[in-house]
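A structural walkthrough
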Amino acid sequence: MTYIDYYKVLGIDKKANDKDIKKAYRKMARKYHPDLNPDDKEAEKKFKEINEANEVLSNPENRKKYDKYGKDWKHAEEFEKAQQQQQYQSSSRRGGSAQYSEQDFSDFFSSMFGGRSAESRGRNVQFRGQDYNAELQLELKDVYRTHKRTLTVNGKNIRLTIPAGVKNGQVIKIKGHGGEGINGGPRGDLHIKFSISNHSKFKRDKDNLYATIDLDLYKALLGGEVVIDTFDGKVKLNVKPETKNLTKVKLKGKGFPVYKKEGHFGDLYITYQIKIPTNLSDKEKELIKELAKLR
Amino acid sequence: MKRKDFIPIVQLCEHYSVEISFFDELHEEGLISITTLEQTSYLHQDKISDVEKMIRIHQELNINTEGIDAVFNLLNKIDSLQNELNTLHNRLRLYENDF
């Protein structure tokens, strides 16, 4: 547990009045509020610190305690403990409210104030639950078709439909599957980020697929057929005679499915890479020489 | 148009502890679209998450509706830049392991 200078967190002087504190809190909150900084963990952390500082400094009783014992909070804890024991012995003590999640408060805050301030307990404010973030790793071929998966998030199984054509880095939001709301507030959302790795021979750019295939020299010269494997099965290609090296052909609608547009597909681009035969036999050399003479 | 997809504004005001005038202002700013059926104002349920965000920004950050409009415009811009960045990042992957 390290000492936290709440004045420093809010960027104010120790002599700041309530108005200054409120103003500083509002200014900082506008900068780091999670709604204004989506998917920014640092901003979220900072916002929690700001809230914690505001919880303490905007409450005169807490501020007094913090100002008095702040730097020597360990002694404050001992002092408070001794005081609590005295109170417990002399009179029946009221039970503390434990209905709030204290996860968002630092150890330092909890050790001094035991979670949220008494004032905020009384206010009975509802808070929306925390948003959860999860990453789902898939292979490119997995997202060629719409399919269902069961994910375990915080010990809970969630059956999820993964639409075909989802992109690497894309985030989908599942409403109401985040953390529980505080004091009856709504649940947060679950954000799933897709991390799609590709170990196939195809490269993907948006909905189009690209591949380079080897083409036999004689087929390139005389024309013929080649068969390639795609995510959707085998495709037969007609190679035109006298096809040049690095010729690109487009197979319309043979690319990747378009996200949430059933029946729509991108295109597949095939680049022919002509393979020159090696280890020629004497007869082959002789025939090629004959051929060269004809040009 | 199915009525069950719409939520009465008064019900939302009660639930989120906001004045009805706040919804009128959001409507005037073009941030939400209010549908009136038999003299009752409704909001489509698909807009609830956006409205919740607007209410949080208003209540927790003390930002007025004009400010919310600016915030939403900037958030949309961030979102489209993020998508563009993601597309470019994916395109870059095409050249990372050249084939």
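From a predicted model like this one, the values you see are computed outputs, not experimental measurements.

**Description of the confidence of the model for chain A**
Residue and element names in this part refer to chain A. The predicted model of chain A has a mean per-residue pLDDT of 82, with 80% of residues at 70 or higher. When mean pLDDT is taken per element in chain A, strand E11 (residues 268-275) scores highest with 96 and helix H7 (residues 118-123) scores lowest with 42. Between residues 88-102, whose pLDDT stays under 50, and residues either more than four places distant or in other chains, the model counts 13 contacts. Residue range residues 117-124 is modelled with pLDDT below 50. Its contacts to residues more than four positions away, or to other chains, number 13 contacts.

**Remarks on the environment of asparagine 59 of chain A**
Residue and element names in this part refer to chain A. One can find asparagine 59 in the loop between helix H3 (41-57) and helix H4 (60-69). Placed 41 residues apart in sequence, asparagine 59 and aspartate 18 show a C-alpha to C-alpha distance of 9.0 Å. A polar atom in the side chain of asparagine 59 sits 2.9 Å from the backbone nitrogen of glutamate 61.

**A word on the interface of chain A and chain B**
Contacts between the two partners involve 21 residues from chain A and, on the opposite side, 21 residues from chain B. Applying the counting rule to chain A against chain B returns three salt bridges. The partner of aspartate 35 of chain A in a salt bridge is arginine 56 of chain B, and the shortest N-O contact between them spans 2.6 Å. Applying the counting rule to chain A against chain B returns seven residue pairs in polar contact (both at pLDDT 80 or more). Those elements giving two or more residues to the side of chain A that touches chain B turn out to be helix H2 (18-32), strand E6 (203-205) and strand E7 (208-216) of chain A.

**Brief notes about empty space enclosed by the protein**
All names here are of chain A. Scanning the model with the defined rule gives one cavity of 30 Å³ or more in all. Roughly 50 Å³ of volume is contained in the largest cavity. Every residue along the wall of the largest cavity is listed here: Tyr144, Phe202, Leu209, Thr230, Phe231, Asp232, Lys254 and Gly255. Taken together, the residues that form the lining of the largest cavity break down as four nonpolar, two polar and two charged.

**Observations regarding the packing of aromatic side chains**
Residues and elements named next belong to chain A. Scanning all chains against the criterion turns up nine aromatic pairs over all chains. Measuring from centroid to centroid gives 6.0 Å for tyrosine 7 and tyrosine 66, while their planes differ by 40 degrees, and the two rings are tilted. Of the two residues, tyrosine 7 sits in helix H1 (residues 6-10) while tyrosine 66 sits in helix H4, which places them 59 residues apart along the sequence. Judged by its relative accessible area of 2%, tyrosine 7 falls in the buried class. Between the aromatic rings of tyrosine 210 and tyrosine 269, the centroid separation amounts to 5.1 Å while the plane-to-plane angle is 10 degrees, which identifies the pairing as stacked. Of this pair, tyrosine 210 sits in strand E7 while tyrosine 269 is found in strand E11, placing the two residues 59 residues apart along the sequence. Relative accessible area serves as the criterion here: at 21%, tyrosine 210 is assigned to the partly exposed category.

**Concerning the side chain of glutamate 52 of chain B**
Positionally, glutamate 52 of chain B belongs in helix H3 (residues 48-61). Polar side-chain contacts of glutamate 52 of chain B include one of 2.7 Å to the side chain of tyrosine 16 of chain B.

**Re the confidence of the model for chain B**
A residue-level look at chain B finds 95% of positions with pLDDT of 70 or above and a mean pLDDT of 88. Ranking the helices and strands of chain B by mean pLDDT puts helix H2 (residues 20-28) of chain B first, with 93, and helix H4 (residues 65-96) of chain B last, with 88.

**Concerning a positive patch on the surface**
Residues and elements named next belong to chain A. Side chains of Lys19, Lys23, Lys27, Arg30 and Lys31 sit close together on the surface and give a patch of like positive charge. Tracing the chain through its elements places lysine 23 in helix H2. Judged by its relative accessible area of 64%, lysine 23 is exposed.

**Describing the packing of H2 of chain B against H3 of chain B**
Residue and element names in this part refer to chain B. Between H2 and H3, the shortest axis-to-axis distance is 12 Å and the interhelical angle comes to 110 degrees. Compared by their axis directions, H2 and H3 come out roughly perpendicular. The handedness of the crossing between H2 and H3 comes out as right-handed. Of H3, the residues touching H2 (which contributes Phe22, Phe23 and Leu26) are Val51, Met54, Ile55 and His58.

**Comments concerning the environment of phenylalanine 23 of chain B**
Residue and element names in this part refer to chain B. Looking at where phenylalanine 23 falls in the secondary structure, it is placed in helix H2. Spatially, the C-alpha atoms of phenylalanine 23 and leucine 12 are 9.4 Å apart, while their sequence positions differ by eleven residues. Setting aside its immediate chain neighbours within four residues, phenylalanine 23 contacts Ile9, Leu12, Cys13, Val18, Ile32, Ile34, Val51 and Ile55.

**With respect to the sheet that holds strand E4 (residues 171-174) of chain A**
Residue and element names in this part refer to chain A. Pairing in this open sheet of three strands is mixed, and the strands run E1-E5-E4 from one edge to the other. Each edge of the open sheet is held by one strand with a lone partner, namely strand E1 (132-139) and E4. When strand polarity is set aside, the average angle formed by the axes of neighbouring strands in this sheet is 25 degrees. Here E4 runs beside strand E5 (residues 190-197); their pairing, made up of four bridges, is antiparallel.

**Observations concerning the pattern of salt bridges**
All names here are of chain A. For the structure shown, the criterion picks out 15 salt bridges over all chains. Glutamate 44 is paired through a salt bridge with lysine 48; the nearest N and O atoms lie 3.6 Å apart. Note that glutamate 44 and lysine 48 are positioned in helix H3 at a spacing of four residues, about one turn of the helix. What makes glutamate 44 partly exposed here is its relative accessible area of 22%. Overall, the relative accessible area of 27% leaves lysine 48 in the partly exposed class. Residues joined by salt bridges that share partners form a network here, namely Lys141, Asp142 and Arg149.

**Examining a nonpolar patch on the surface**
Where nonpolar side chains cluster on the molecular surface, the patch consists of Tyr218, Leu221, Leu222 and Ile288 of chain A and spans about 400 Å² of accessible area. Looking at which element gives the most residues to the nonpolar patch, the answer is helix H8 (residues 217-222) of chain A, with three residues.

Cut-offs used in this document
Residues numbered from 1 in each chain as written. Chains lettered and ligands numbered in written order. Predicted model: local features only at pLDDT ≥ 70, side-chain atom pairs only at ≥ 80, totals over all residues. Heavy atoms only, no water. pLDDT = per-residue confidence, 0-100. Helix = DSSP H or I, 4+ residues; strand = E, 2+ residues; numbered from the N terminus. Contact = heavy atoms within 4.5 Å. Polar contact = N/O pair within 3.5 Å; in protein donor to acceptor, adjacent residues only side chain to side chain. Salt bridge = Lys/Arg side-chain N within 4 Å of Asp/Glu carboxyl O. 1 Å grid on protein atoms, 1.4 Å probe; cavity = no way out; pocket = protein on both sides within 12 Å on 5 of 7 lines; lining within 4 Å. Points joined across faces, edges and corners; volume = space filled by probe spheres on them. Nonpolar A, V, L, I, M, F, W, Y, C, P; charged D, E, K, R; others polar. Phe/Tyr/Trp six-rings, centres within 6.5 Å; stacked < 30°, edge-to-face > 60°. Buried < 20%, exposed > 50% of the residue type's maximum accessible area, 1.4 Å probe, protein only. Patch = residues over 30% accessible without salt bridge, like charges linked within 9 Å, V, L, I, M, F, W, Y side chains within 5 Å. Areas by Shrake-Rupley, 256 points an atom, 1.4 Å probe, with all protein chains shown as cover. Lys, Arg positive; Asp, Glu negative; His and termini not counted. Charge placed at Lys NZ, Arg CZ, Asp CG, Glu CD. Axes fitted to C-alpha atoms, helices over the stretch in contact; angles between N-to-C directions. Parallel < 35°, antiparallel > 145°, perpendicular 65-115°, else oblique. Left-handed = near helix turned anticlockwise from the far one by under 90°. Pairing = 2+ DSSP bridges.

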